[in-house]
Amino acid sequence: MFGAAFGVALGALTMFINGFLSPWGVAGVVMPYQMAGMALIGFMGGVYRRVLGKNPVEITDPPRILNLEVSFLAASLTLAYDVITNIGWALPYGVPIIVALIQGAWFTVVHVASNIVFFGSAFFILVRVISNLIGENPWSFRKEV
Amino acid sequence: MEFSKRSLTIFGLGWLTSLVLVGCVAGYYYMECQNLLAKIREYEGCIMRVNICINYKELNGTIVWYNNTLVLAGCDLLSATKKVAVVNYTYWPSQKASFVDAINNVWNNGTHYWMWYRWTDNHWDYGPVGADVYILSPNETIMWRYEKPRYPP
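Owing to the predicted nature of the structure, the values given are computational and were not obtained by experimental measurement.

Visitor: How should the packing of aromatic side chains be read in this particular structure?
Guide: Two descriptors summarise a pair of aromatic rings, namely the distance from one centre to the other and the angle between the planes of the rings. On inspection of all chains with the given rule, the structure shows 15 aromatic pairs over all chains. Here the aromatic cluster, defined as three or more aromatic residues joined through ring pairs, consists of Phe-118, Phe-119, Phe-123 and Phe-124 of chain A.

What follows is the structure, given as structure tokens:
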């Protein structure tokens, strides 16, 4: 909604805060990788927004293909995030990266599946809610990229 | 439904994601399998495999085999049988051995009893002692048969 640069900053900041307040405990050495992963997701969100172009009809009444697109994009980005964070866990502890990925396989599956469902069903609803909150049509919001 | 280049690219990414996930899950189970095999190799000297047959032929014509059952080395027949079936038994102090009363809820009934045999020299031999006293050897084949006892063999 707010562009790639904002997405990067928001993603990194979110994981920075999460690194201290997460119910799983303080993130520690993984935190920079979490920040990088979420920054990537923020960046890709900005890029996707740019690629979609200016089409307010799609946001108020998104076609099914757009919901599918968002789900698939969420799946890929979730996988990318998990790969990055697994690398962040594997490197400091000297675990081979492939082993770290395989050990976390089921967690990744659950993570990806839940995001597919969440993004496919709630993404555009959230966009509309935020649009109403800030009182602007996000599709005409000034882009930074 | 018309697919734009953008949609196709994103669906391609999703497809790649599913491939990676399937690969990771397959790798997970491959690793689990390797770990278990390594553990079995580690305990190779402490475990052995035996074949156990439970023969209900005189009850309902059924014969069930439990081949390659993993048991601890030096395991007695009663313990091995308990690994593959529900066994009820009574210890007789006078005999210093246990007597099997039922296997998988098929009880001795006054005419039919659970008797055990071992496969030696290409024929079945009556078990010479109580099942809890008989120590199994690696790859030994044992049969429990629900029958009207016909001993001496």
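Visitor: Honestly, the packing of helix α4 (residues 64–93) of chain A against helix α6 (residues 105–134) of chain A in this entry has me stumped. Any pointers?
Guide: What describes two packed helices is the angle between their axes and the distance between those same axes. Residues and elements named next belong to chain A. In contact at an axis separation of 8 Å, α4 and α6 are set at 145 degrees when each is read in the N-to-C sense. As α4 runs across α6, the sense of the crossing is right-handed. Across the interface between the two elements, Leu-66, Asn-67, Val-70, Ser-71, Ala-74, Ala-75, Thr-78, Leu-79, Tyr-81, Asp-82 and Asn-86 from α4 touch Phe-107, Thr-108, His-111, Val-112, Asn-115, Ile-116, Phe-119, Gly-120, Phe-123 and Phe-124 from α6. Taken together, the residues of the contact of α4 with α6 sort by class into twelve nonpolar, eight polar and one charged.

Visitor: Quick question: what am I supposed to make of the nonpolar core here?
Guide: Nonpolar side chains in soluble globular proteins tend to be buried together. Within the largest apolar cluster, 24 residues are counted, with the highest numbers of intra-cluster contacts made by Ile-54, Leu-77, Trp-114, Leu-136 and Trp-144 of chain B. Within the residue set of this core, elements represented by two or more residues are β1 (47–56), α3 (77–84), β4 (97–103), β6 (113–120) and β8 (141–147) of chain B. Counting residues per element, this core draws most heavily on β1 of chain B, at five residues. Sequence-distant contacts of Trp-114 of chain B, that is, excluding residues within four places in its chain, are made with Ile-54, Asn-55, Tyr-56, Val-100, Asp-101, Ala-102, Ile-103, Val-106, Asn-108, Trp-144, Arg-145 and Tyr-146 of chain B. Counting nine residues, the second-largest nonpolar core is a separate cluster that includes Ala-75, Leu-79, Leu-101 and Val-109 of chain A.

Rules behind the numbers
- Residues numbered from 1 in each chain as written.
- Chains lettered and ligands numbered in written order.
- Predicted model: local features only at pLDDT ≥ 70, side-chain atom pairs only at ≥ 80, totals over all residues.
- Heavy atoms only, no water.
- Phe/Tyr/Trp six-rings, centres within 6.5 Å; stacked < 30°, edge-to-face > 60°.
- Axes fitted to C-alpha atoms, helices over the stretch in contact; angles between N-to-C directions.
- Helix = DSSP H or I, 4+ residues; strand = E, 2+ residues; numbered from the N terminus.
- Left-handed = near helix turned anticlockwise from the far one by under 90°.
- Contact = heavy atoms within 4.5 Å.
- Nonpolar A, V, L, I, M, F, W, Y, C, P; charged D, E, K, R; others polar.
- Core = buried A, V, L, I, M, F, W, Y, C linked by side-chain atoms within 4.5 Å.
- Buried < 20%, exposed > 50% of the residue type's maximum accessible area, 1.4 Å probe, protein only.

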